[in-house]
Amino acid sequence: MRERIVVVNPNSTAAVTAAIDQALEPLRLAGGPAIECLTLAEGPPGIETQAHVEQVVQPLCRLVRARANASAFVIACFSDPGLFACREASDRPVLGIAECGLLTALTRGERFGILAILPTSLPRHLRYVRQMGLSARFAGDLPLGLGVVELSDAERTFARMAEVGARLRDRHGADVLVLGCAGMARYRAPLEQELRLPVIDPTQAAVTMAIGAVRLA
């Protein structure tokens, strides 16, 4: 049976899942694992609060237990909801995009900055940076002021991303940027070109790691 990486968008916005799926197309390689993107129907439209994070943990665990055909799982939300619970629920690799995105950023620069969606995201991100022991390499975390659903407004979103990214670069000293939401995936390449800095899409980073884990298992 062909190896399969299951990428789960834990919010219920199908447009976000479609954007993730499109961003992962370059990683669908001949002879490589299949990459399947799913929307968690039980999730809120966006994971924007700690309550939203807690809300999706058990549905994610149920999904992981049910998908016995998966070779690996990726939780495609920058809050990494249910990451450790899902690791307990499966003997397959389970990767969170925040963890993978931040680790990838360390290989591309000295100080990373995060583009968050909302001010309410910042405490969760800052806790995670501290938990991972990365404070010394952390330049800053600034919000766009846009919710998950609003990210579909391409012109408005890219303008804000360019503005906030430039501030992280010029005022906070970031030399690599991490997109702080899976819904930002389609803006990675143009933002990198605009700011002339490496820009990490954390879902691409996580799936890249998942491919390595699956192929080397």
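Residues numbered from 1 in each chain as written. Predicted model: local features only at pLDDT ≥ 70, side-chain atom pairs only at ≥ 80, totals over all residues. Heavy atoms only, no water.

Kindly report on the nonpolar core, identifying the contributing residues and their values.
In this structure, V7, V74, F112 and M184 are the most contacted members of the largest nonpolar core, which totals 77 residues. Considering every element that reaches this core, the biggest residue donor is helix α9 (residues 202-216), with six residues. Those residues in contact with F112 that sit more than four places away from it in its chain are L102, A105, L106, V129, L134, R137, F138, A139, G140, A174, V176 and V178. (Core = buried A, V, L, I, M, F, W, Y, C linked by side-chain atoms within 4.5 Å. Buried < 20%, exposed > 50% of the residue type's maximum accessible area, 1.4 Å probe, protein only. Helix = DSSP H or I, 4+ residues; strand = E, 2+ residues; numbered from the N terminus. Contact = heavy atoms within 4.5 Å.)

Outline the pairing of strand β1 (residues 4-9), listing residues and values.
By the criterion of burial, β1 is predominantly enclosed, with five of the six residues buried. Sheet analysis places β1 next to strand β2 (residues 34-39), joined by six bridges and oriented parallel. Counterpart to I5 in the pairing with β2 is I35. Both β1 and strand β3 (residues 72-75) contribute to a ladder of four bridges, which runs parallel. Across the sheet, residue V6 finds its bridge partner in β3, namely F73. (Pairing = 2+ DSSP bridges.)

Tell me about the environment of A15, and please be specific about residues and values.
With respect to the helices and strands, A15 occurs in helix α1 (residues 14-23). Judged by its relative accessible area of 52%, A15 falls in the exposed class. Residues A15 and Y187, 172 residues apart in the sequence, show an inter-C-alpha distance of 14 Å.

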